[in-house]
Amino acid sequence: MVQVLDTVFKMDLGGQLCHLFTDERIGDHFLAEDAGRIVGVTGLYPHQFRVGSVMFAIGGVGQVATLEEMRGRGVMAGILRALCPAADAFDFVWLGGDRQRYGRYGWEIGGARYVFDTTAKYLPAPPPAERVRPFSVARDMARVHQWIANAPQTAVFPAREIDMMLATADKRGYSGWVLGGSFILAREKGTIIFMGDGSADELALLLAHAARELQSQPGGATKLTIEYEPDPTPLLDACRAHYRHMRIEPEESFRVGNLVSFLRNACAAAQPRVSCGAGRVSLINSDNNQAATVVCAGGRLSVAAGAGSDAYRLNTRDLSGVCFGAYPLDLLLPGLPADAPIRQVLPLRIGVNRVFWL
């Protein structure tokens, strides 16, 4: 299977993503065979996603591959049709890929990612080079585990798999820097920062050091980019103080699964923001007939299985747009009252850090 993936993607995918091909994970793959040989592969990897203290049961889709000579024969369509019933059991499933292709099977772009561009002009003077050292997987893994523990939201994998993800940092093209109690990690030859933790002041100095390193390379690149989740964190604070341009982008594509379970978790994550209000909204997934009703009474949110006669009936893709999308709720839920408490619950602004990409 890994040989097929390496052939299709023309890279050592087995080496980069070794945590997905262990004995524990090998059963997380859907295969298509022809005349006794593997011709198509897709992984559906169960894990968790934490928002505050609330854990969602989720899956990530990756390794979507068909041998070149078998393309156009419905290999991947068959795999995805088999995968969707399994996806329905999770709170949600995420992936990165073509919007049109995966939209046919219920995925919709959503979530949020902040993207900052900056240059030396907007950054503080870099620290003396001797104060900064390269990030070392052997020495600094505890910093990554602490970042995961501190993150307002994050994907959650077993600690052993996190270690395996970072152990292949060189194969993934990752690099990083450490200053005092702070660190940053970058990809694309140091041009894109995707993780960082510590104090905002030290992180700003590390960004300045990263910009200095870029300028010293052949070609002398001057622009540094930081991609990060939409949460109040020290790195976001540093970016806010020192960016040149910024934009907000959709994160990935998301597909809602078990509607009752997802909404119960989404309501639990939203409850600290809701202290008053009343109302109810029913939703039905027209593709699998899952139904749920969100109720707010005296500011307390709850979810019941089933739906009333006034339910919004949406297919999986549109329902995923309601749950995660970048569009106003009114586009997909016309007539929704302006003070409906569900507006405090949805859409869920998911951000998936690059280190977890599948």
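Scroll up to find the structure this text is about.
In this report, the structure presented in the accompanying data block is examined.

A look at the packing of aromatic side chains
Taken as a whole and judged by the stated rule, the model has 15 aromatic pairs. Their ring planes at 50 degrees and their centres at 5.2 Å tell us that F262 and F324 sit as a pair that is tilted. One end of the pair, F262, is in helix α10 (residues 259-270); the other, F324, is in helix α11 (residues 316-324), and 62 residues separate them in sequence. Here F262 falls in the buried class, since its relative accessible area comes to 0%. Judged by relative accessible area, which is 1%, F324 ranks as buried. Taken together through their ring pairs, the aromatic side chains of F49, F56, F92, F254, F262 and F324 make up a single cluster. Just above the ring of W107 sits the side chain of R255; from NZ or CZ to the centre is 5.5 Å.

Details of a nonpolar patch on the surface
A surface patch of nonpolar side chains, about 260 Å² in accessible area, is lined by Y243, M246 and I248. Topologically, M246 is positioned in strand β13 (residues 245-249).

Topic: the side chain of N265
Of note, N265 is situated in helix α10. The buried category is assigned to N265, whose relative accessible area is 17%. With residues up to four places along the chain from it excluded, the contact list for N265 reads V54, M55, F56 and D91.

A look at unusual backbone geometry
Backbone torsion omega between L346 and P347 reads -5 degrees, so that peptide bond is classified as cis. Even without a glycine there, the phi angle at E188 is positive, about 50 degrees. Of note, E188 is situated in the loop between β10 (182-187) and β11 (192-197). Residue class for E188 comes out partly exposed when judged on its relative accessible area of 45%. The phi dihedral of K189 falls on the positive side, at around 55 degrees, and the residue is not glycine. By the element assignment, K189 lies in the loop between β10 and β11.

A word on the environment of T66
Following the sequence through the fold, T66 ends up in strand β3 (residues 54-66). Note: C-alpha distance between T66 and V41 (25 residues apart in sequence) is 6.6 Å. With sequence-adjacent residues up to four places away left out, T66 is seen in contact with V8, V39, G40, R71, V75 and M76.

Focus: the environment of E33
Position of E33 relative to the elements: it lies in strand β1 (residues 29-34). Taking the C-alpha atoms as reference, E33 lies 51 Å from G181; in sequence the two are 148 residues apart. In this structure E33 touches I38 and V39, once residues within four positions along its chain are discounted.

A few points about empty space enclosed by the protein
Gaps between atoms show up when a probe of the same size as a water molecule is rolled over them. All chains considered together, the criterion is met by two cavities of 30 Å³ or more. Within this model, the largest cavity holds a volume of roughly 50 Å³. Of the pockets and cavities examined, the second largest cavity occupies roughly 40 Å³. The wall of the second largest cavity is formed by W147, A151, P152, Q153, Y228, E229, D231 and T233. Here the lining of the second largest cavity is composed, by residue class, of four nonpolar, two polar and two charged.

Thresholds applied
Residues numbered from 1 in each chain as written. Predicted model: local features only at pLDDT ≥ 70, side-chain atom pairs only at ≥ 80, totals over all residues. Heavy atoms only, no water. Phe/Tyr/Trp six-rings, centres within 6.5 Å; stacked < 30°, edge-to-face > 60°. Helix = DSSP H or I, 4+ residues; strand = E, 2+ residues; numbered from the N terminus. Buried < 20%, exposed > 50% of the residue type's maximum accessible area, 1.4 Å probe, protein only. Lys NZ or Arg CZ within 6 Å of the ring centre and 35° of its normal. Patch = residues over 30% accessible without salt bridge, like charges linked within 9 Å, V, L, I, M, F, W, Y side chains within 5 Å. Areas by Shrake-Rupley, 256 points an atom, 1.4 Å probe, with all protein chains shown as cover. Salt bridge = Lys/Arg side-chain N within 4 Å of Asp/Glu carboxyl O. Contact = heavy atoms within 4.5 Å. 1 Å grid on protein atoms, 1.4 Å probe; cavity = no way out; pocket = protein on both sides within 12 Å on 5 of 7 lines; lining within 4 Å. Points joined across faces, edges and corners; volume = space filled by probe spheres on them. Nonpolar A, V, L, I, M, F, W, Y, C, P; charged D, E, K, R; others polar.

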